Amino acid sequence: GQQVMQIPQYQHVQEGEDFTTYCNSSTTLSNIQWYKQRPGGHPVFLIQLVKSGEVKKQKRLTFQFGEAKKNSSLHITATQTTDVGTYFCAGVANSGGSNYKLTFGKGTLLTVNP
Amino acid sequence: NAGVTQTPKFRILKIGQSMTLQCTQDMNHNYMYWYRQDPGMGLKLIYYSVGAGITDKGEVPNGYNVSRSTTEDFPLRLELAAPSQTSVYFCASREFNQPQHFGDGTRLSIL
C-alpha cells in the first residue's frame, strides 16, 4: 500500500534558527496536506497543496509540493517557541478508492530552545 | 458549530472490559475516520467510513469495530480490551479533497 516517509523524526533548534521537514510518498499523490500537533493536543490543519511544483507561504512557513507530486517539504524561517510541536504530512493517493484516506507520515517533532 | 466531538476524554479500563468511544460531527461530512496514536508516534488508521452505512478497515482494525448508522455519528467499539490498546484515539471527519478536522481525542488506559 501507499507509504509516506517523513524525516527527520526529531529536530531540536535554537530559537531563531530555521527548520525543515521532508515528506516522500511511494506513489504519486492527488494532494498533500500538512498538520501541526501541539503537545497534548490534536492535529490541526495547516495547508493543502494540489498542483505540481506548488509553493505556498504562511508568514514564516513555506510549503512546497514536488514536480512529480511525490514529495513535499515544510520550511520554517526563524523559529519561535510557539512553533514547538509535531508536524505531519498527509498524502491523498491519486487513484481509485485510495483517495478516501489520508496516509500520514510519522511526523517530525520540533523543539525550540529559547 | 462544535466540529468533531469525542467522548469520553479519558477512560481507564480493566483487561477484558468493553467500551464504546463516541464521535459526532456537525459539519455534514461524509468521510469519518478513527486513528490511534501511541506515545511519540504517528497516526494509525483503525477504520474509516465514506458515508452512512459504509465502513472499511484501515491499517490496524483488529480488536475494534465500528458502525455508521447516521452521517453525524461514528462510534468505535472495543470488545475485549487489551493492554496493547492503551493509546490516544482521535476521530476525524472531512469532505472529499478537503482538510481533515480532528476531535480532541480520548486518552484510554487499559490495566
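Structure: above.
This one's a predicted model, so the numbers in the text were calculated from it and none came from an experiment.

Visitor: I'd like a rundown of the interface of chain A and chain B, residues and numbers included.
Guide: At the junction of the two partners, chain A supplies 19 residues and chain B supplies 21 residues. Together, the buried faces of chain A and chain B total about 1700 Å²; carbon and sulfur atoms form 55% of this surface. Looking only at chain A, the three residues that lose the most surface to chain B are His42(A), Tyr100(A) and Phe104(A), adding up to 31% of its buried area. Linking chain A with chain B are zero salt bridges. The interface formed by chain A and chain B includes five residue pairs in polar contact (both at pLDDT 80 or more). Counting residues per element, the ones that place at least two in the side of chain A that touches chain B are strand E4 (29-37), strand E5 (44-49), strand E9 (85-93) and strand E10 (102-104) of chain A. No other element matches the five residues that E4(A) contributes to the side of chain A that touches chain B.

Visitor: Any details on the layout of surface pockets? Residues and values, ideally.
Guide: Estimated volume of the largest pocket: approximately 620 Å³. Lining the largest pocket are 23 residues; nearest its centre among them are Gln2(A), Gln3(A), Thr103(A), Phe104(A) and Glu59(B). Those elements that provide at least two residues to the lining of the largest pocket are strand E1 (4-7) and E10 of chain A together with strand E5 (43-51) of chain B. The element that contributes the greatest number of residues to the lining of the largest pocket is E1(A), accounting for four residues. Class assignment of the residues belonging to the lining of the largest pocket gives a composition of 10 nonpolar, nine polar and four charged. The volume enclosed by the second largest pocket comes to roughly 450 Å³. If you go around the second largest pocket, you meet 27 residues; those closest to its centre are Gln37(B), Asp38(B), Pro39(B), Gly40(B) and Met41(B). For the lining of the second largest pocket, the secondary-structure elements that each account for two or more residues are E9 and strand E11 (108-113) of chain A together with strand E9 (87-94) and strand E11 (106-110) of chain B. Its residues placed into classes, the lining of the second largest pocket shows nine nonpolar, 14 polar and four charged.

Visitor: Account for the pairing of E5(A), naming residues and giving values.
Guide: Residues and elements named next belong to chain A. Judged from the five bridges that link them, E4 and E5 form a sheet pairing that is antiparallel. Its bridge partner lying in E5, Gln33 is registered against Gln48. Counting the residues that bridge the hairpin from E4 to E5 gives six residues, and of these Gly40 lies at a positive phi of roughly 80°.

Visitor: Let's hear about the environment of Thr111(A): which residues, and what values?
Guide: All names here are of chain A. With respect to the helices, strands and loops of the structure, Thr111 is situated in strand E11. Judged by its relative accessible area of 29%, Thr111 falls in the partly exposed class. With 26 residues separating them in the primary sequence, Thr111 and Gly85 have C-alpha atoms 6.8 Å apart. Excluding residues that lie within four positions of it along the chain, Thr111 makes contacts with Gln11, His12, Val13 and Val84. Side chain to side chain, Thr111 and His12 meet in a polar contact 2.7 Å long.

Visitor: For the state of the cysteines, give the residues involved together with the corresponding values.
Guide: Under the definition given, this model contains two disulfides over all chains. Bridging Cys23(A) to Cys89(A), the disulfide has an S-S length of 1.5 Å. Its torsion about the S-S bond being -85°, the disulfide of Cys23(A) and Cys89(A) is classed as left-handed. Pair noted here: Cys23(A) is in strand E3 (residues 19-25) and Cys89(A) is in strand E9, with a separation of 66 residues, a long-range link. The pair Cys23(A) / Cys89(A) is uniform in exposure class, with both members buried. Between the sulfur atoms of Cys23(B) and its disulfide partner Cys91(B) the distance amounts to 1.9 Å.

Cut-offs and rules
Residues numbered from 1 in each chain as written. Chains lettered and ligands numbered in written order. Predicted model: local features only at pLDDT ≥ 70, side-chain atom pairs only at ≥ 80, totals over all residues. Heavy atoms only, no water. Contact = heavy atoms within 4.5 Å. Buried area = accessible area lost by both parts, 1.4 Å probe. Salt bridge = Lys/Arg side-chain N within 4 Å of Asp/Glu carboxyl O. Polar contact = N/O pair within 3.5 Å; in protein donor to acceptor, adjacent residues only side chain to side chain. Helix = DSSP H or I, 4+ residues; strand = E, 2+ residues; numbered from the N terminus. 1 Å grid on protein atoms, 1.4 Å probe; cavity = no way out; pocket = protein on both sides within 12 Å on 5 of 7 lines; lining within 4 Å. Points joined across faces, edges and corners; volume = space filled by probe spheres on them. Nonpolar A, V, L, I, M, F, W, Y, C, P; charged D, E, K, R; others polar. Pairing = 2+ DSSP bridges. Buried < 20%, exposed > 50% of the residue type's maximum accessible area, 1.4 Å probe, protein only. Disulfide = S-S within 2.5 Å.

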